[in-house]
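Each chain, letter by letter, is given below.
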Amino acid sequence: MPLLRERVLGWLHRRPEAQAWSLLGPGIGFLVVFFLIPLLIMFAYSVMPRGEYGGVERGFTLEAYQRFFVPIYLTILIRTFVVAIICTVICLALGYPVAYAVARSGRWKNLLLFLVVLPFWTSFLVRTFAMIFLMRDTGLINTWLLKLGFIREPLTILYTPFSVMAGLVYGFLPFMILPIYASLEKLDNSLLEAAEVLGARPAARFRQVTLPLSLPGVVAGCLLVFIPALGSFLTSDLLGGAKQLMIGNLVQNQFASARNWPFGSAASFILMALVLAAVLVYLRIRDDAPEGAR
Amino acid sequence: MRRGLPRWLVALVAAVYVFLHLPILVLVVFSFNASKFSVEWTGFSLEWYRRLLERDDILHGLRASLIVGVAATLISTLLGTFIALGLARHKFRGRRVLEALLYVPIVTPEIVTGISLLILYVLLGFPLGIATITIAHIAFCISFVVVVVLARIEGMDESLEEASLILGADEITTFWKVTVPQLWPGILSGALLAFTMSFDDFVITSFVAGPGSSTLPLVVYSMVRRNIEPSINAISTLILVMTTLLIYVADRFGRERAR
Amino acid sequence: MTARLGRREFLRRATALLSLPAATALLAACRPGGHDPLLDDPTAALGPLERELAIYIWSDYVAPDTIPNFAKEFGIKVTMDFYDSNEEMLAKLQAGARGYDIVVPSSYIAEVLIATDLAVPIHKQYLTNWSNLAPIFLDRVFDPGNRFTMPWMWGVTGFAYRRDRIPNPPPSWEIFLDRRYRGKMTQMDDGRDVLGSWLRYGGHSLNTTDRAQLEAAKVDAIEAKKNLKAYISAPVKGQLISGDVWVAQLWNGDAEQARMEQPELGYVVPKEGCTIWLDSLVIPSGARHPRAAHEFMNYVLRPPVEAAISVATGYGTPNREAIKLIEHPVPYPTGEELTRLEYQRDLGRDTATWDQLWTEIKAS
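Residues numbered from 1 in each chain as written. Chains lettered and ligands numbered in written order. Predicted model: local features only at pLDDT ≥ 70, side-chain atom pairs only at ≥ 80, totals over all residues. Heavy atoms only, no water.

Enquirer: Account for the overall build of chain B, with residues named and values stated.
Expert: When you go through chain B residue by residue, the secondary structure sums to twelve helices and zero strands. The principal-axis extent of the C-alpha atoms belonging to chain B is close to 70 × 60 × 35 Å. A buried classification covers 61% of the 259 residues belonging to chain B. Sequence separation of at least 24 residues holds for 71% of the intrachain contacts in chain B that already meet a minimum separation of 6. If you sum the accessible surface of chain B, you get close to 10600 Å²; carbon and sulfur atoms cover 69% of it. (Helix = DSSP H or I, 4+ residues; strand = E, 2+ residues; numbered from the N terminus. Buried < 20%, exposed > 50% of the residue type's maximum accessible area, 1.4 Å probe, protein only. Contact = heavy atoms within 4.5 Å. Areas by Shrake-Rupley, 256 points an atom, 1.4 Å probe, with all protein chains shown as cover.)

Structure (structure tokens):
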């Protein structure tokens, strides 16, 4: 074993870029084979004519992309973005306090962290049906509100934008909480104590010490909520009564009932391109910011 | 050491936990419901727990889900952590583009990932099964791990590692004894996210699963057409109980060792 | 930031990177069928009975003891895998997945499987119990002569209603336009079923591709949408039972299931007509255990077996011998009713048109 260790270290020292390659190589290699290549196949599909019964036929056409740029689909895209943004904001408002509290809970840290993800080790469908049970007209919430006399008629909670947002926020909270926790957890109490000794009030302490430290986690959380939220569709179907379409539904339909694979593929790539552009812009801003600002 | 957290914060956090666990409570209660429709409480019954023993499909599904989940989590966490370190610690041409490209698996609609991987498997002649599912899960989990661990690294102090190297430790020792412990909350968070996504994945799995390798979500989603029998509630409850016990034991064990 | 890649270098690498998947995509698009001549000839003899069988089916679509009994009697190891939608099963097979010996498509999906060479002809000489099937379910438009499909379960898609809330509903789709029940009604979350219902309401076929007829149906569907609580398919049963929903477009088998929990449920087959659906057993191409598949098909044709399945699932059985063994069977449609019922057929290229309209309905 020591001999192997020597060998590896020797190799690492001889070629300085070997460190980068050994770290990045396996993961990136895996992704190139099992993600990039399939994706490029799909991209090829998006510029081929639609097969009569599904799939594609030989040929080249930009019809699928052209088809997308009409008001109805663009509206769906915009609405999806709006929903995803609102979901991200709410997740941030609720998730940050939780991450902060968990990071500061000393010996209960691990338990509280697990309690955040534990609900998600049950089936999504059963969870969602449980939410329906809570929110429907004859559901638990209405029953109790009626019993306690707060309302006289059942409230329409289910199949509203509210129920959809509640479901989305529910599903994405861990994606916000976990990254923020990860960057907050090292929160150096001595820094905070120093700030306190120097006379800073809690709000200032938070703004100038805690918040900047947690910023990487906040950004990561926002990206990990916003981006997948763009592709979500089941929640809006189950809790929104399938009365509206998100871009995720549209793509799903194209491969399923519409059997229009090129169009489904094209819609996906348009979405991906938009997100990729936004991420590149964000990364440029982040990298160009002076080091000390963080 | 600061004294406790402000009361409004504790109240808000408690409310969020209640919000997260209220549907779970409903789920658990209905596992003891006599009716096969989880609509109203009609009486107490252990029927669904008993039924679990007969439902091979559910038990096999759970087994497949666990195998895939654990394997995919371990591998994607490993690969993802390495990628994050590589990105954060080394400057090279195209680094920003690479980092941006890592977000693509997160935004790609699941059905696109699923079908495209299936096409690849067919072309390569891979037989569909547990392995193909695991590979698919790793593919979409890696990016999540990378993002979470990167966030952790960004706030980390490199001086500790520099000190370790100056003091004579080699790269491998430094990695295990200095880097990993510092990264640990990021690695753990990434792993938890990866397992959570893998365990409940449906769309991608439905396309890359082969005969005999249906995972638990595949069984459950298929039941929607008729009725999701409370046996699913029962197995979910059992999973929750088992996991909570496991965490408790692991936590205790960890604390014993720390002493 | 270090120097950027030269343009030529970038183009060279990009072309190299993209050429591989482009080639693979072309390969994928013109993949040969990979057919076994022995299987393709329905009169050819099959090999000996295999020891395994892979079934790809909806969950809970057999009785609990069907598979165990079959496995024991024939000494065959059966694996069951589950899908949740016809269309996804089709997409998976179209993308090239192989290894299943039996799939259970609905009528129009079976049509596509047959048209795209994804189905294996049935070797009828192994199905000695074939004559148990009722003729009204045989020789249907989507598979004349039943060369590829064996009828499995059937049903209709009308609507269920709460008798205690609506004692005398009109036997017509127009109920969904009735503002009195606003917010208490649902239609299925399926473009074919929704547009189909309004096409029938307008007196047209639910397989039409006539643009004018479709537009008219779309207008009605959007009008009805204002009265709908939601688009839900089978899971609406729970809310029918609890009373949140008073009228729901639903399969008759599911309505029957719900009625066992909530007696105040009735069912209507609208006078304008509705869908009659038939799920069939089909052997997909690439099946590795065809003989075992046929043995299974023959096994379920036995009256007691099929009767048990019908009772357990609540759906109608096309097996006229099995019906005699069931206490309260779902009665076959009468000749008169049959004139109002239509099977859904594949729409070919017009599938995209229907989807466009469904998108417009959803976006309204």
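Read on for the rest.
Enquirer: Outline the interface of chain B and chain A, supporting the account with residue identities and numerical values.
Expert: In this complex, chain B contributes 93 residues to the contact, which on the side of chain A involves 99 residues. Summing both sides of the interface, chain B and chain A together bury roughly 9200 Å²; the carbon and sulfur share of this comes to 77%. Counting across the chain B and chain A interface gives four salt bridges. Where B:Arg152 meets A:Glu185, a salt bridge forms, and the shortest distance between an N and an O atom there is 3.5 Å. Sorting elements by how many residues they give to the side of chain B that touches chain A places helix 1 (residues 7–30) of chain B first, with 14 residues. For the side of chain B that touches chain A, the class distribution of residues is 67 nonpolar, 15 polar and eleven charged. (Buried area = accessible area lost by both parts, 1.4 Å probe. Salt bridge = Lys/Arg side-chain N within 4 Å of Asp/Glu carboxyl O. Nonpolar A, V, L, I, M, F, W, Y, C, P; charged D, E, K, R; others polar.)

Enquirer: How would you summarise the interface of chain A and chain C if you had to cite specific residues and measurements?
Expert: With 45 residues of chain A in contact, the opposing surface of chain C contributes 46 residues. When chain A packs against chain C, the two sides together hide about 3600 Å² of surface, and 58% of this comes from carbon and sulfur. Contact with chain C buries area across many residues of chain A, yet A:Tyr53, A:Lys243 and A:Arg259 alone supply 18% of it, more than any other trio. At the boundary of chain A and chain C, one finds five salt bridges.

Enquirer: Break down the domain arrangement of chain A for me, citing the residues and quoting the values.
Expert: By domain assignment, chain A separates into domain 1 (1–37) and domain 2 (68–293). Once you take the C-alpha centre of each, domain 1 of chain A and domain 2 of chain A turn out to be 35 Å apart. (Domains from an automatic or database assignment.)

Enquirer: If you had to explain the environment of B:Phe92 to someone new, which residues and values would you point to?
Expert: Within the secondary structure, B:Phe92 is located in the loop between helix 3 (56–89) and helix 4 (95–101). For the pair formed by B:Phe92 and B:Phe32, sequence separation is 60 residues and the distance between their alpha carbons is 58 Å.

Enquirer: Account for a negative patch on the surface, with residues named and values stated.
Expert: A cluster of acidic residues, C:Asp36, C:Asp40, C:Asp41 and C:Asp117, forms a negative patch at the surface. In this structure, C:Asp117 sits in the loop between helix 5 (107–115) and strand 4 (119–120). (Patch = residues over 30% accessible without salt bridge, like charges linked within 9 Å, V, L, I, M, F, W, Y side chains within 5 Å. Lys, Arg positive; Asp, Glu negative; His and termini not counted. Charge placed at Lys NZ, Arg CZ, Asp CG, Glu CD.)

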